Amino acid sequence: MLGKSHSRATHCPFPLVDLGHPPYVKVIQPVTPEEKPQATSRLLVNYPEPYRSQILDYLFKPNFGASLHILKVEIGGDGQTTDGTEPSHMHYALDENYFRGYEWWLMKEAKKRNPNITLIGLPWSFPGWLGKGFNWPYVNLQLTAYYVVTWIVGAKRYHDLDIDYIGIWNERSYNVNYIKVLRKMLNYQGLQQVKIIASDSLWESISASMLLDAELLKAIDVIGAHYPGTHTVKDAKLTGKKLWSSEDFSTFNSDTGAGCWGRILNQNYINGYMTSTIAWNLVASYYEQLPYGRCGLMTAQEPWSGHYVVESPVWVSAHTTQFTQPGWYYLKTVGHLEKGGSYVALTDGLGNLTIIIETMSHKHSKCIRPFLPYFNVSQQFATFILKGSFSEIPELQVWYTKLGKSSERFLFKQLDSLWLLDSNGSFTLELQEDELFTLTTLTTGRKGSYPPPPKSQPFPSTYKDDFDVDYPFFSEAPNFADQTGVFEYFTNIEDPGEHRFTLRQVLNQRPITWAADASNTITIIGDYNWTNLTIKCDVYIETPDTGGVFIAGRVNKGGILIRSARGIFFWIFANGSYRVTGDLAGWIIYALGHVEVTAKKWYTLTLTIRGGFASGMLNDKSLWTDIPVNFPKNGWAAIGTHSFEFAQFDNFHVEATC
């Protein structure tokens, strides 16, 4: 059972042996955090310099902060994937664009800092055209494989990015024949070096399938499981493949989250032989009231102020990532400490040694999932003995973290070195609960720092965007967070006037969904605490008869909960009607009526919400007034469309008085 103090190593001392015939296990990828974005880095790109580069340094710069070894990104598929949608490189069958979204930029920034970083791509949703009318990516196996391979080829052609691993379908069904088709297509395209990881779900099914199918076994390079609770299963071990926790952590980035991260980084290998542990998510760079707020290694959710926080999980990561590298080996002498906690030891096979010890208590190391059986950790002395060629190591650098009460708290502090010349390779540590020690021959460790960033500020109470950007660096307008549909900068070639540059909803077909996307499209913006506000926006319906658009305030839900979002929604439709609803789905109707509206014409909508009442204007003329709105009391501003349809927005303006 997890955390029991009588597993592989039960008594001090702990010999760390090097006998010439190395008793160690090859590690291709040591325990390593990652980004699984799912729109979680949405706000990061909007940060001003120098703060954006500082955040990236804390995450990716070697021997500075988290010093990550892996970056795993979503292959945008136009669908909701936890905290928003990410655009596909192929919205439609004949459409290819390798400059949408922010993942290309993020991968390049990571590579700029660490050229050796491993890149992984994984789809969550897929554009609707792949399903041919079905909400299923395996209708045409060759077509879906082609779609994924184009993303890999495009990464290289347009961004000089080499993708190292590719996944199947995040936490959803895998298809054995699809995996084989994907492997063959990769090989045919000369991408033999791109390895397949499957199935980013549970161990059991994919492992059993591989043992029964030699071709499948050969096609898959890594078995990746999500939230394994530090354990694997027999079938997975029998495959002889590398085992990874390909999504883990997902926990609020307090010291308890850091404790969770420190414990599983060690114990995923000790208990489950997993040689990589991948954290969702990289950086909490999304509106905090979206699902899983602040579940990143650090927090950067205020591009308008430049404020960010280097949270404790960054420094817990550093205990491993700054003192190991992909290609290092785990020693076989790893295990649990007698009175709780664990230790691992790794070597590069060239004489370097890194030992990582954690004593995270049950109370302060619970991850968000799965359930953690109780265990006890108490104060103890642990003696380690270095044998073989390790006995000749004269000195070990010591890095220390203590989580918990601020009066006792240390994060990644370098202590005095351990001198071993007169000790026969033996040393004893006093260990308290909620501590991390790294003992290493490497002298390159560093706790990087920058001057404090600006103080935290709320989202500006007055906000305007006219979308007048001729050559946008990113396809998405700053601070808008798409929750269903995709909203992109657009140039009206036919309109030389005021509406030449707009924001356009570009999906005309529902994607193959991963979550419960809404039936409408919507993008949110602003401060979740806004109560009294006026939203004004020019709107343009492109679809005759059936088209419709809205502006909204006090929108109270997003992410995977977007279908049930409440708020005050002001709609106009191409059939000459308007509607005011209390929810995105349109079930709660406050008012409706006829109005002079048609498609292919610009209109200005204004929504004013004050206390328990709301009013609306069309082209600056009152259309409806003082409708009672008692719920919700606060929320984001939003714009969107009635269905998956083309529509445009311009001159967005919010005035909030609280």
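All of the points below concern the structure found in this document. (Residues numbered from 1 in each chain as written. Predicted model: local features only at pLDDT ≥ 70, side-chain atom pairs only at ≥ 80, totals over all residues. Heavy atoms only, no water.)

Overview of the sheet that holds strand E3 (residues 70–75)
Strand order in the open sheet formed by seven strands is E3-E4-E5-E6-E7-E8-E9, and the pairing between neighbours is parallel. A strand with exactly one partner marks an edge of an open sheet, and here the two such strands are E3 and strand E9 (276–280). By the bridge criterion, four bridges tie strand E8 (residues 242–249) to E9 in an arrangement that is parallel. Within E9, the residue paired with Asp248 across the bridge is Ala279. Across the face of the sheet, helix H3 (residues 141–159) comes into contact with E3, strand E4 (118–123) and strand E5 (165–166) while running at roughly 135° to E3. (Pairing = 2+ DSSP bridges. Helix = DSSP H or I, 4+ residues; strand = E, 2+ residues; numbered from the N terminus. Contact = heavy atoms within 4.5 Å. Axes fitted to C-alpha atoms, helices over the stretch in contact; angles between N-to-C directions.)

Describing the nonpolar core
In summary, soluble globular proteins display a tendency toward joint burial of nonpolar side chains. Counting residues in hydrophobic clusters, the biggest one holds 105 residues, and the most contacted among them are Phe60, Leu71, Ile166, Ile168, Ile179 and Leu182. Considering each element in turn, this core owes the most residues, eight residues, to H3. Counting residues domain by domain, this core receives three or more from each of domain 1 (25–347) and domain 2 (462–657). Leave out the neighbours within four places in its chain, and Phe60 touches Ser67, Leu68, Leu71, Leu106, Ala110, Arg113, Asn114, Ile117 and Leu282. Tyr286, Ala477, Val555 and Leu605 belong to the second largest nonpolar core, which has 67 residues in total. (Core = buried A, V, L, I, M, F, W, Y, C linked by side-chain atoms within 4.5 Å. Buried < 20%, exposed > 50% of the residue type's maximum accessible area, 1.4 Å probe, protein only. Domains from an automatic or database assignment.)

Overview of helix H4 (residues 176–188)
Here H4 is 13 residues long and its end C-alpha atoms lie 19 Å apart, about the 18 Å a rise of 1.5 Å per residue gives. Every buried residue of H4 is accounted for by Tyr178, Ile179, Lys180, Val181, Leu182, Arg183, Met185 and Leu186. Looking at the buried residues of H4, the elements they touch are H3, E5, strand E6 (195–201), helix H5 (204–211) and helix H6 (214–219). Where H4 begins, one side-chain oxygen reaches toward the backbone nitrogen of Asn177, 2.9 Å away; that side chain belongs to Asn175. Where H4 terminates, the next one or two residues include Gly190, which has phi positive at roughly 75°. (Expected span 1.5 Å × (residues − 1). Polar contact = N/O pair within 3.5 Å; in protein donor to acceptor, adjacent residues only side chain to side chain.)

Structural notes on the packing of helix H2 (residues 103–113) against H3
The geometry of H2 relative to H3 is characterised by a closest axis approach of 12 Å and an angle of 60° between their N-to-C directions. Taken together, the axes of H2 and H3 lie oblique to each other. The handedness of the crossing between H2 and H3 is right-handed. When H2 is examined against H3, the residues Trp104, Met107 and Lys108 are found in contact with a partner set consisting of Trp151, Ala155 and His159. Looking at the contact of H2 with H3 residue by residue, the classes come out as four nonpolar, one polar and one charged. (Parallel < 35°, antiparallel > 145°, perpendicular 65-115°, else oblique. Left-handed = near helix turned anticlockwise from the far one by under 90°. Nonpolar A, V, L, I, M, F, W, Y, C, P; charged D, E, K, R; others polar.)

Considerations on the pattern of salt bridges
Within the structure shown, the criterion is met by 18 salt bridges. Note that Arg100 and Asp95 form a salt bridge whose closest N and O atoms lie 2.9 Å from each other. On the accessibility criterion, Asp95 (14% relative accessible area) is buried. Here Arg409 ties to Asp255 by a salt bridge, and the two come within 2.7 Å at their closest N and O atoms. One end of the pair, Arg409, is in the loop between strand E18 (395–402) and strand E19 (410–419); the other, Asp255, is in helix H8 (residues 255–272), with 154 residues separating them in the sequence. Accessibility expressed as a relative area gives 33% for Arg409, which makes it partly exposed. A network of salt bridges, in which partner residues are shared, links Asp57, Glu109, Lys112 and Arg113. (Salt bridge = Lys/Arg side-chain N within 4 Å of Asp/Glu carboxyl O.)

Description of the sheet that holds strand E12 (residues 307–309)
As summarised here, the arrangement of the three strands in space is E10-E11-E12, forming an open sheet in which the pairing is mixed. Only two strands of the sheet have a single partner each, and these edge strands are strand E10 (283–284) and E12. Where strand E11 (residues 298–302) and E12 come together, two bridges link them in antiparallel fashion. If you follow Thr299 over to E12, its bridge partner there is Val309.

Some points on unusual backbone geometry
Along the chain, Trp280 connects to Asn281 via a cis peptide bond; the corresponding omega equals 10°. Mapping Asn281 onto the fold places it in the loop between E9 and E10. The residue after Arg369, namely Pro370, is reached through a cis peptide bond having omega -10°. Unlike most non-glycine residues, Asp434 shows phi in positive territory, near 65°. Examined against the element boundaries, Asp434 turns out to sit in the loop between strand E20 (426–431) and strand E21 (435–440). Its relative accessible area of 4% is what places Asp434 among the buried residues.

Points about the environment of Gly640
When you line up the elements, Gly640 lands in strand E35 (residues 636–641). Spatially, the C-alpha atom of Gly640 lies 8.8 Å from that of Gly548, the residues being 92 residues apart in sequence. When near neighbours in sequence (up to four residues on either side) are disregarded, Gly640 contacts Phe487, Thr521, Ile522, Val549, Phe550 and Phe649.

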